[in-house]
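# Structural features, examined
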Amino acid sequence: MKKDEVVTTEGPALGSDPFLQGDGTLPYLLRLREASLRVVAEARPQPHERLQTRDRDGELSSEPPDLGPPIPELPSFDDRDESAGALDRLAGWLLTRADDDRLAQLFARLDGRPYDEFGMSPRVARRALAFFKLLYKYWFRVESSGHAAIPEKEGAILAANHGGLLPFDASMVVADGILAARPPRLIRTVVDRWAGSIPFVNVFYARVGQVIGSRDNVREMLGARQLVLIFPEGMAGIRKRAADRYVLQSFHLGFVEESLRHRVPIIPVAIVGADDQAPILWDAQPLAKLFGLPFFPITPTFPLFGLLGLLPYPVRYEIAYGEPFRFHEEFPPETADDPHAVRYMAEQVRRRIQEMVDQRVIARRTKRT
Amino acid sequence: MRRVLVTHIESPVGRRLAKALYHDPEVALVVGVGTAPEPSFLAPYRGKIAYQRLDLAKARHLQSFLHSERFARARVDSVLHLPFVSDRPGERVPGGVPSLVSETRRLVEECVARPAIERFVYLSSVFVYAPEPGNVNLVSENQLLGFDGEGDADVRAWIDADLICQNELHGSSLRMTILRAATIVTEAGEFLNSPPLAHGEAQIGYDPMLSVVSDRDVARALVLALHADRPGVYNVASREIFPRSQLRDSSRRLGPLVLPEPLGGALSLVEQALGRRRAHVTSFHRYGVVVNTRLAHDVLGFEPQYRIEVRGQGPRRRIDTVRSR
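Predicted, not measured: the structure shown is a model, and the values here were computed from it.

## Some thoughts on the overall build of chain A
Of regular secondary structure, chain A possesses 14 helices and 9 strands. Split into buried and exposed, the 369 residues of chain A put 39% on the buried side.

## Here we look at the overall build of chain B
In terms of helices and strands, chain B carries 10 helices and 15 strands. Within chain B, contacts between residues separated by at least 24 positions form 77% of all contacts whose residues are at least 6 apart in sequence.

## Side note on the nonpolar core
Of all hydrophobic cores here, the largest spans 162 residues; its most connected members are L158 of chain A together with L222 and V236 of chain B. Two domains each provide a minimum of three residues to this core, namely domain 1 (19-41 + 72-114) and domain 2 (122-277 + 312-368) of chain A.

## Some thoughts on the interface of chain B and chain A
One frequently used descriptor of interface size is the decrease in accessible area upon assembly of the parts. Across the boundary between the two partners, chain B contributes 20 residues, which contact 22 residues of chain A. A breakdown of the residues in the side of chain B that touches chain A according to their chemical character gives 10 nonpolar, 6 polar and 4 charged.

## Here we look at the environment of G85 of chain A
All names here are of chain A. Position of G85 relative to the elements: it lies in the loop between α3 (47-51) and α4 (86-94). Overall, the presence of 12 C-beta atoms within 10 Å leaves G85 in the exposed class. When the C-alpha positions of G85 and A125 are compared, they lie 14 Å apart, and in sequence the two are 40 residues distant.

## Considerations on the sheet that holds strand β6 (residues 266-272) of chain A
All names here are of chain A. The strand order β1-β9-β6-β2-β5-β3-β4 describes an open sheet built from 7 strands, whose pairing is mixed. Of all strands in the sheet, those with a lone pairing partner are β1 (143-145) and β4 (211-212), marking the two edges. Note: β6 against strand β9 (residues 318-321), 4 bridges, orientation antiparallel. Its bridge partner lying in β9, V269 is registered against Y321.

## Concerning the pairing of strand β4 (residues 78-81) of chain B
Residue and element names in this part refer to chain B. Of the two faces of β4, the one lined by S78 and L80 and the one lined by V79 and H81 are each fully buried. In the sheet, strand β1 (residues 2-7) pairs with β4 via 3 bridges, with the strands oriented parallel. Note on β4: the bridge partner recorded for L5 is V79.

## Considering the confidence of the model for chain A
In this model, chain A carries an average pLDDT of 82, and 77% of its residues clear a pLDDT of 70 or more. Overall, residues 43-62 of chain A carries pLDDT values under 50, and its contacts beyond four positions in sequence, including any with other chains, amount to 11 contacts.

## Some thoughts on helix α7 (residues 215-228) of chain B
Residue and element names in this part refer to chain B. The end-to-end C-alpha distance of α7, which contains 14 residues, comes to 20 Å, matching closely the 20 Å that a straight helix rising 1.5 Å per residue would cover. The complete set of buried residues in α7 reads D215, R216, D217, V218, A219, R220, A221, L222, V223, L224, A225 and L226. Immediately downstream of α7, the backbone of D229 shows phi near 55°, a positive value.

## Some details on the domain arrangement of chain A
Residue and element names in this part refer to chain A. If you check the domain split of chain A, you get domain 1 (19-41 + 72-114) and domain 2 (122-277 + 312-368). On the side of domain 2, 13 residues touch domain 1, which itself brings 16 residues to the contact. Of all the elements in the fold, those that place two or more residues in the side of domain 1 that touches domain 2 are α4 and α5 (97-106). Here the residues of the side of domain 1 that touches domain 2 sort into 11 nonpolar, 1 polar and 4 charged.

## So, the sheet that holds strand β8 (residues 191-192) of chain B
All names here are of chain B. Here 4 strands make up an open sheet; going across it, the order is β8-β7-β10-β12 and the pairing mixed. Looking at which strands have only one partner, the edges of the open sheet turn out to be β8 and β12 (241-243). Inspection of the sheet shows strand β7 (residues 183-185) paired to strand β10 (residues 209-214) by 3 bridges, in the parallel sense. Note on β10: the bridge partner recorded for I184 is V213. Running at roughly 70° to β10, α7 makes contact with β7 and β10 of the sheet.

## Some points on the packing of helix α6 (residues 122-139) of chain A against helix α7 (residues 168-179) of chain A
All names here are of chain A. Between α6 and α7, whose axes approach to 10 Å, the crossing angle comes to 100°. Compared by their axis directions, α6 and α7 come out roughly perpendicular. Residues L129, F132, K133 and Y136 of α6 lie in contact with α7, whose contacting residues are S171, M172, A175, I178 and L179. Grouping the constituent residues of the contact of α6 with α7 by class yields 7 nonpolar, 1 polar and 1 charged.

## Brief notes about the packing of helix α4 (residues 99-112) of chain B against helix α5 (residues 153-166) of chain B
Residues and elements named next belong to chain B. The N-to-C vectors of α4 and α5 enclose an angle of 10°; their axes lie 8 Å apart at closest approach. Between α4 and α5, the interaxial angle falls into the category roughly parallel. Where α4 abuts α5, its residues L100, V101, T104, R105 and V108 lie against A157, D160, A161, I164 and C165. Its residues assigned to classes, the contact of α4 with α5 shows 7 nonpolar, 1 polar and 2 charged.

## Focus: α4 of chain A
Residues separated by three or four positions in an α-helix point in the same direction, a consequence of the helix having 3.6 residues per turn. Residue and element names in this part refer to chain A. For α4, the set of buried residues is D88, A91 and G92. Around the axis of α4, the buried residues are gathered within 100° of arc, so they sit on the same side. The outward face of α4, more than 90 degrees from its buried face, is lined by the exposed residues A86 and W93.

What counts and what doesn't
- Residues numbered from 1 in each chain as written.
- Chains lettered and ligands numbered in written order.
- Predicted model: local features only at pLDDT ≥ 70, side-chain atom pairs only at ≥ 80, totals over all residues.
- Helix = DSSP H or I, 4+ residues; strand = E, 2+ residues; numbered from the N terminus.
- Buried ≥ 20, exposed ≤ 12 C-beta atoms within 10 Å, placed from the backbone.
- Contact = placed C-beta atoms within 7 Å.
- Core = buried A, V, L, I, M, F, W, Y, C linked by C-beta atoms within 7 Å.
- Domains from an automatic or database assignment.
- Nonpolar A, V, L, I, M, F, W, Y, C, P; charged D, E, K, R; others polar.
- Pairing = 2+ DSSP bridges.
- pLDDT = per-residue confidence, 0-100.
- Expected span 1.5 Å × (residues − 1).
- Axes fitted to C-alpha atoms, helices over the stretch in contact; angles between N-to-C directions.
- Parallel < 35°, antiparallel > 145°, perpendicular 65-115°, else oblique.
- Arc of directions from axis to C-beta.

Okay, structure coming up:
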């Protein structure tokens with residue numbers, strides 16, 4: 001039984017009903033179907049709306065009421081698959097009913113398709129959320145603020161600082177968008193093209209909804225009013241040394257251009273904690289060239305402890321969403337072709353994120369002392 | 001009222017197209033050509049569809065047909081060219097897929113030389129696009145084509161034929177429309193025009209997404225392109241996309257698993273030293289082709305009417321086409 005579930009049914013005086021007891025371990029498909037039905041029920045017309053279908057004589061009309069277009073089918077998380085695997089059962093155990101409700105809302109637009117146009121699988125995303133929720137709550141103990149800046153339905157670009165060797169910062173922002181934002185929003189991270197060529201990683205990224213960073217992809221996502229998380233520092237953010245942590249590197253400009261072209265705001269996002277999760281002491285470029293990698297980090301634990309040394313330290317994360325920049329309301333789309341203006345706007349965003357990061361880093365240090 | 005020549009009408013897509021054209025009031029006459037004897041499914045359509053057996057890969061066959069009294073009487077004004085690429089041994093185009101290039105070139109040249117022929121619709125494939133790690137999502141029509149000299153021969157043939165038709169897009173009297181169809185799924189659950197699924201090998205660590213489309217929807221798109229008279233290049237696919245592994249399972253074409261680079265490269269050297277054949281792995285085994293069909297929707301009015309569904313797990317996996325609600 002989960003902590004946040006309140007059982008209101010009356011059980012027998014001695015012992016308990018075994019069927020009720022199994023609530024927490026019910027097959028997730030059943031629970032998801034219930035979650036879907038609840039969302040559908042909310043969208044159904046209320047009784048007073050139904051009364052309007054009576055004709056002038058007060059008799060019920062034989063014609064069905066005009067209720068508008070049918071409600072889209074909510075995802076059933078591949079209920080054609082009769083055998084839910086161990087991972088699905090584990091995910092069902094880790095996620096609450098509220099989490100499944102949020103996922104059902106997010107994936108309603110798929111209309112029953114097993115994959116979206118970017119290769120995301122709701123089923124794999126659900127499994128991943130269960131894992132990342134553990135990291136979110138117990139490993140990184142994420143505290144987030146400023147969710148009011150996240151639009152409820154419209155698209156936007158989230159520009160964040162990057163750090164920490166492995167992109168756990170991105171996964172925590174995505175988890176925060178599902179678990180903490182109201183209503184939940186699926187935040188799609190733009191990942192480096194290089195990631196698309198790495199075995200296993202490319203498949204995982206695609207299935208959990210991350211998208212390879214091409215302008216066409218960003219255009220499609222913004223056109224579909226999705227939230228796109230971009231790290232304008234690029235690879236420079238995660239390869240910076242420990243001495244430079246929380247110092248934002250120079251920004252790539254593409255995110256400002258796309259914001260102007262697609263008329264969406266830029267939400268600055270400050271992530272504090274990621275730069276401490278795996279401090280890089282040295283970037284061994286000769287080794288990077290040897291292995292064909294963009295960089296080869298030397299950290300206190302890697303390569304000393306092998307691949308285990310890449311695991312992030314259990315640092316506290318803070319995620320803050322700032323007031324959106326609405327350059328698109330002040331400048332026409334053609335401004336995207338003016339490199340000076342775009343650079344100026346990117347610098348504005350960079351400064352704002354740096355301020356937000358600095359405030360939180362100073363507050364942390366003050367708290368410690 | 002259009003008078004249409006349809007090539008490879010005996011193919012699965014041709015079969016669907018024949019039915020659609022027969023019921024189309026805007027089409028007066030259809031001349032279907034194919035390499036096989038007249039298929040039995042054309043029997044009910046004889047009032048409107050005439051069949052001519054000829055091998056388009058052979059120049060003299062095409063020449064003699066185009067100069068015949070029969071062709072003159074037909075007064076054809078539009079051509080729907082369907083390159084029929086099936087992987088089933090008995091159904092391949094004579095000469096293999098590369099003959100697609102020669103027959104397409106010849107057909108286009110002949111059509112350009114005949115002013116009476118106004119429209120030409122060519123059914124190409126989305127696998128002409130270059131598969132790259134950077135374009136795994138939603139490839140649009142202006143994406144670069146995959147000019148890989150060491151690539152799959154079938155894919156090179158598709159690209160060459162596509163380019164031949166593209167040459168007529170600008171400054172030609174022929175109004176050329178190129179439809180690039182995703183992997184075509186027939187009612188029987190077979191795949192057509194899909195080089196990535198022609199071979200069963202899979203590379204460990206990669207499972208690219210592929211667009212699919214029902215053969216009925218392809219036929220619809222061809223008819224729409226015929227009537228729309230909007231020259232250009234359009235992607236045609238259904239809304240569903242699937243990982244290659246699921247399609248491969250459902251096609252029962254299972255091949256060896258290949259290790260990713262650099263392990264795979266080292267292993268292939270060992271295999272070569274032992275005299276074993278190297279597994280046939282191309283970039284299509286690593287990177288997917290999922291296409292953006294907005295242009296076809298906006299310009300041609302194409303909206304897929306059939307959903308593709310993959311049911312079951314593992315070896316029991318099968319693929320179905322279901323009419324959308």
